[in-house]
Amino acid sequence: MKHFLFSALSLTLSVSLAFPTYSLPLKQRGNYNTQLKESINNALPKLESLYLKLHQAPELSLHEEKTSKLMAEQLKLLGFTVTENIGGFGVVGLFKNGNGPTVMIRTDTDGLPIIEQTGKTYASTATTIDQHNNTVGLMHGCGHDIHMTSFIGTAQQLMAYKNQWQGTLMMVAQPAEEVGAGAKAMLKEGLFEKFPKPDHVLGLHVSAALPAGEVAIAPGYALANVDSVDIIVKGKGGHGAYPHTTIDPVVIASRIVLALQTINSREISPLEPSVITVGSIHGGAKHNVISDQVKLQLTLRSYNQAVRTQQIAAIKRLTKGIAISAGLSESLYPTVFVQDENTPSTYNNLEQTLKVKKSIEEAIGKAHVVESKPVMAGEDFGRYGLTQDNLPITIFWLGGVEKSLYQQSLKTGETLPSLHSSKFAPDYPLTIKTGVSAMTTSALDLFNQK
Ligand SMILES: [Zn+2]
Ligand SMILES: [Zn+2]
């Protein structure tokens, strides 16, 4: 039984964000933007303290108990009908506001086992015990605290301006993104059956490569298929001085590593992005002993599902072929194990994504929105668009880098701390403000089919 300590967690549930209802003339966009900006500015101090609370109390994937309670509490205070514990610690907040489309907005909620080293006064000092019984740091190193704060800020604005839209707002706080399990678990538990099926699904992810105040958006593929694959290479061990009496799995594994390079270079179309990385290779214990097995750990990336299938089939075929050529019997052929923890690629629906891009341009200015290229990172947000309903989904990148640091890195060529870095410290006030503004405007426009 896993046992977790929450030594430094002190989430209080008192950050009330209830807000007055605004009236605003929707057709006058200038006025509309000014009013919205003003009400977001007014909301910022409380949102910033919500951010700091979340930042200082991260929880690991599948253990987001207190975080999800806080999300549920905030949504209830804003007037949503809230259901908790969907697919683990998932939370769904619903607000039905007359006839119209259903817009789903998703945040993820989990943190990472990282000791924060940003040097910030508000840095997380939380620790926990992981499943291997090791004490590990806890950090929102992927910025999911920014996502949650923007999510609550957006819910608050949409409630404040509820006389400006009609339809159903579905706020989904999803756990376990970092292990690729949360979206799958929520969908399996009937997210689109027990609750209204969304007409539009929106999400955002903070970017560690874009300045705060800016947004990047990729129409089409945005993030990749991600698979973890384990290969156990077997052999016949023996004395290092008598290799002819053995079948050396280290040599077989080496041949496999090189052969895998030809999958991308000679089997998959050069027009299809594909990554096959052997991130770990372990075998043997001593200089003069030929071992019985070697373990390889791979990460696979692609966009196209057919390419993913092709990668896996080729790995199985090549490893088997090399084992045969080494003279191994069938019982000693390598085993190729594709882990369940896979993430399918995220495809941003073209029509919806261009609409969202236009809305964000109106919200934060055209100069602050760029079209981005897809990346080989993964996000389980893609799953919401891969059910049989084929729902249109859009995720955008929310710039998080402090502007001066960004400029400095352009000048010096020094790389910025990436997501999952212990030194990643977003410029949270501007990032949250931009996130709320971009997401609120996008949702309002989708409700009103602008
Ligand atoms: Zn992450
Ligand atoms: Zn993330």
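Every value quoted in this text rests on a predicted model; they were computed, and no experiment measured them.

Draft legend 1. Structural view of the coordination of the zinc ion (ligand 1). Listed as protein donors to the zinc ion (ligand 1) are Cys142 (SG), Glu178 (OE), Glu178 (OE) and His420 (NE2); their distances from the metal cover 2.0 to 2.6 Å. Between the four donor atoms coordinating the zinc ion (ligand 1), the angles at the centre fall across 54 to 149°, so the site counts as irregular. All donor residues of the zinc ion (ligand 1) come from one chain, and their arrangement in sequence is C-x35-E-x241-H. Distance-wise, the zinc ion (ligand 2) is placed 3.2 Å from the zinc ion (ligand 1), both being coordinated by cysteine 142.

Draft legend 2. Just the sheet that holds strand 6 (residues 167-174), in detail. Strand order across the open sheet formed by eight strands is 1-2-6-3-7-18-8-17, with mixed pairing between neighbours. Looking at the sheet topology across the chains shown, the edges are occupied by strand 1 (81-86) and strand 17 (369-371). Across this sheet, the average inter-strand angle for adjacent strands is 25°, counted without regard to direction. For strand 8 (residues 215-217) and strand 17, the ladder comprises three bridges, and the chain directions are parallel. Note on strand 17: the bridge partner recorded for valine 215 is valine 369. Against the sheet, helix 8 (residues 350-364) engages strand 7 (200-211), strand 8, strand 17 and strand 18 (393-401), with an angle of about 35° to strand 18. The strands touched by helix 10 (residues 428-447) within the sheet are strand 3 (102-108), strand 6, strand 7, strand 8 and strand 18, with strand 7 carrying the most contacts at an inclination of about 155°.

Draft legend 3. Structural detail: the coordination of the zinc ion (ligand 2). The protein atoms that coordinate the zinc ion (ligand 2) are Cys142 (SG), His144 (NE2) and His205 (NE2), at distances of 2.1 to 2.4 Å. Counting gaps between the donor residues of the zinc ion (ligand 2) yields the pattern C-x1-H-x60-H.

Draft legend 4. Examining the confidence of the model for the chain more closely. Per-residue confidence for the chain gives a mean pLDDT of 93; residues scoring 70 or more make up 93%. A low-confidence stretch, residues 1-14 (pLDDT under 50), is modelled with 33 contacts involving residues beyond four sequence positions or located in other chains.

Draft legend 5. Inspection of the nonpolar core at higher detail. If you look at the biggest cluster of nonpolar residues, it comprises 56 residues, and the most contacted ones within it are Leu75, Phe80, Ile105 and Phe396. Of the residues forming this core, the biggest block, nine residues, is contributed by helix 10. Phenylalanine 80 has contacts with Leu75, Gly93, Leu94, Phe95, Ala155, Met159, Leu169 and Met171, leaving out every residue within four places of it along the chain. One finds Ile231, Ile268, Leu328 and Tyr333 within the second-largest nonpolar core, a separate group that totals 26 residues.

Draft legend 6. Quick peek at the pairing of strand 6. Of all eight residues in strand 6, eight are buried; the element is thus mostly enclosed. As judged from the seven bridges shared by strand 2 (residues 90-97) and strand 6, these two strands associate in the antiparallel manner. Each residue of the ladder has a partner; that of phenylalanine 95, found in strand 6, is leucine 169. Sheet topology places strand 3 next to strand 6; seven bridges connect them, and they run parallel. By the bridge assignment for strand 6, threonine 107 is matched with alanine 173.

Draft legend 7. Just the environment of alanine 377, in detail. By the element assignment, alanine 377 lies in the loop between strand 17 and strand 18. For alanine 377, a relative accessible area of 34% corresponds to the partly exposed category. Sequence separation between alanine 377 and aspartate 292 is 85 residues; the distance between their C-alpha atoms is 34 Å. Setting aside residues no more than four positions away along its own chain, alanine 377 makes contact with Leu223, Ala224, Val226 and Arg301.

Draft legend 8. Layout of the packing of aromatic side chains. Scanning the model with the defined rule gives nine aromatic pairs in all. Plain terms: the ring middles of phenylalanine 192 and tyrosine 384 are 6.3 Å apart, the flat faces sit at 50° to each other, and that makes the pair tilted. Of the two residues, phenylalanine 192 is situated in helix 5 (residues 191-194) and tyrosine 384 in the loop between strand 17 and strand 18; the sequence distance between them amounts to 192 residues. The class of phenylalanine 192 is buried, set by a relative accessible area of 5%. The rings of Phe80, Phe95, Trp165 and Phe447 are connected pair by pair, giving a single aromatic cluster.

Draft legend 9. Examining the packing of helix 8 against helix 10 more closely. Close contact between helix 8 and helix 10 brings their axes to 8 Å; oriented N to C, the two are set at 125°. The angle between helix 8 and helix 10 places the two elements in the oblique class. The way helix 8 lies across helix 10 gives a crossing that is right-handed. The segment helix 8 lies against helix 10, with Gln352, Lys355, Val356, Ser359, Ile360, Ala363 and Ile364 engaging Thr434, Ser437, Ala438, Thr441, Ser442, Asp445 and Leu446. Grouping the constituent residues of the contact of helix 8 with helix 10 by class yields six nonpolar, six polar and two charged.

Analysis parameters
Residues numbered from 1 in each chain as written. Chains lettered and ligands numbered in written order. Predicted model: local features only at pLDDT ≥ 70, side-chain atom pairs only at ≥ 80, totals over all residues. Heavy atoms only, no water. Donors = N, O, S within 2.8 Å, 3.2 Å for Na, K, Ca; no water. Tetrahedral: all angles 85-135°; square planar, octahedral: opposite > 155°, others 65-115°. Pairing = 2+ DSSP bridges. Helix = DSSP H or I, 4+ residues; strand = E, 2+ residues; numbered from the N terminus. Axes fitted to C-alpha atoms, helices over the stretch in contact; angles between N-to-C directions. Contact = heavy atoms within 4.5 Å. pLDDT = per-residue confidence, 0-100. Core = buried A, V, L, I, M, F, W, Y, C linked by side-chain atoms within 4.5 Å. Buried < 20%, exposed > 50% of the residue type's maximum accessible area, 1.4 Å probe, protein only. Phe/Tyr/Trp six-rings, centres within 6.5 Å; stacked < 30°, edge-to-face > 60°. Parallel < 35°, antiparallel > 145°, perpendicular 65-115°, else oblique. Left-handed = near helix turned anticlockwise from the far one by under 90°. Nonpolar A, V, L, I, M, F, W, Y, C, P; charged D, E, K, R; others polar.

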